[in-house]
Amino acid sequence: QVQLVESGGGLVQAGGSLRLSCAASGRTASIYRMGWFRQTPGKEREFVASITWDFGSTNYADSVKGRFTISRDNAKDTVYLQMNSLKPEDTAVYYCAAIERAGGGYSQWGQGTQVTVSS
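Now for a description of the structure that goes with this document. Position numbers for residues count from 1 along each chain, tracking the sequence in the order it is written. In view of the model being predicted, local features appear only for residues whose pLDDT reaches at least 70, and side-chain atom pairs are presented and counted only at 80 or more, with totals across whole chains, interfaces and linings using the full set of residues. Note that the side-chain values use all heavy atoms of the structure and ignore hydrogens as well as water.

## Some thoughts on the state of the cysteines
We count it as follows: Working definition: a disulfide is two cysteine sulfur atoms within 2.5 Å of each other. Under the scheme used here, helices are H or I runs from DSSP no shorter than 4 residues and strands are E runs no shorter than 2 residues, and both carry numbers assigned from the N terminus. Accessible area is worked out with a 1.4 Å probe on protein chains only. A residue is then buried under 20% of its type maximum, exposed over 50%, and partly exposed in between.
Scanning the model with the defined rule gives one disulfide in all. Residue pairing for Cys22: its cysteine sulfur links by disulfide to Cys96, the two sulfurs lying 1.9 Å apart. Between Cys22 and Cys96 the disulfide shows an S-S torsion of about 55°. By sign, it is right-handed. Highlighted residues: Cys22 in strand β3 (residues 18-26) and Cys96 in strand β9 (residues 92-100), separated in sequence by 74 residues. Across the pair, Cys96 and Cys22 agree in class, each one buried.

Written out as structure tokens, the structure reads:
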């Protein structure tokens, strides 16, 4: 199993920047893809970005393209989400998740970190 812990959330003003981190532990060699999701009250959890552990191939939601950048440091078993030009609608609890090579989708999730963007 893989354990994930997010950090770096906080309160920022619109137009500001924030970098989230997700540290993985446990059987990190089993990771195939890591992703970031976000959720606000009353809404379904939304995909934000993902990256493969081997070649670093990335995917982004249309709502964050050009503003957010996902990256990974395999040596540190850590994935990052650099968030620039933040908007109030980016306010959410952000979660990182992992797809293991055995399959099963995003089966491992972190506890989440709150990001609040004020006007």
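## Let's talk about the sheet that holds strand β7 (residues 68-73)
For clarity, the cut-off: By definition, two strands form a pair when at least two bridges between them are found by DSSP. The axes used here are C-alpha line fits, helices contributing only the stretch in contact, and every angle between their N-to-C directions lies in the interval 0 to 180 degrees.
Taken together, four strands build an open sheet; the order of strands is β1-β3-β8-β7 and the sheet is antiparallel. Strands with a single pairing partner mark the edges of an open sheet, and in this sheet they are β1 (2-7) and β7. For this sheet, the mean inter-axis angle between neighbouring strands, taken without regard to orientation, is 15°. The pairing of β7 with strand β8 (residues 78-83) spans six bridges and is antiparallel. Opposite Phe68, over in β8, you have Met83 as the bridge partner.

## Describing the packing of aromatic side chains
For clarity, the cut-off: In this analysis, rings of Phe, Tyr and Trp, with Trp reduced to its six-membered ring, are considered paired at centre separations within 6.5 Å, and the interplanar angle assigns stacked below 30 degrees, edge-to-face beyond 60, and tilted for intermediate values. A positively charged side chain is recorded as over a ring if its NZ (Lys) or CZ (Arg) lies within 6 Å of the ring centre. The angle to the ring normal must also be within 35 degrees.
Inspection of the entire model under this criterion finds four aromatic pairs. Centre to centre, the rings of Phe37 and Tyr106 are 4.9 Å apart; their planes meet at 80°, and the pair counts as edge-to-face. Here Phe37 is found in strand β4 (residues 31-39), whereas its partner Tyr106 is found in strand β10 (residues 106-109), with 69 residues between them in sequence. The class for Phe37 is buried, based on a relative accessible area of 9%. Residue class for Tyr106 comes out partly exposed when judged on its relative accessible area of 21%. Taking the centre distance of 4.9 Å and the plane angle of 55° together, the rings of Phe37 and Trp109 count as tilted. Taken as a pair, Phe37 in strand β4 and Trp109 in strand β10 lie far apart in primary sequence, 72 residues in all. Through a chain of ring-to-ring contacts, three or more aromatic side chains come together here, namely Phe37, Phe47, Tyr106 and Trp109. When the ring centre of Tyr95 is taken as origin, the NZ or CZ atom of Arg45, which lies over that ring, is 4.1 Å away. The cationic tip of Arg45 hangs over the ring face of Trp109; the distance from NZ or CZ to the ring centre is 4.5 Å.

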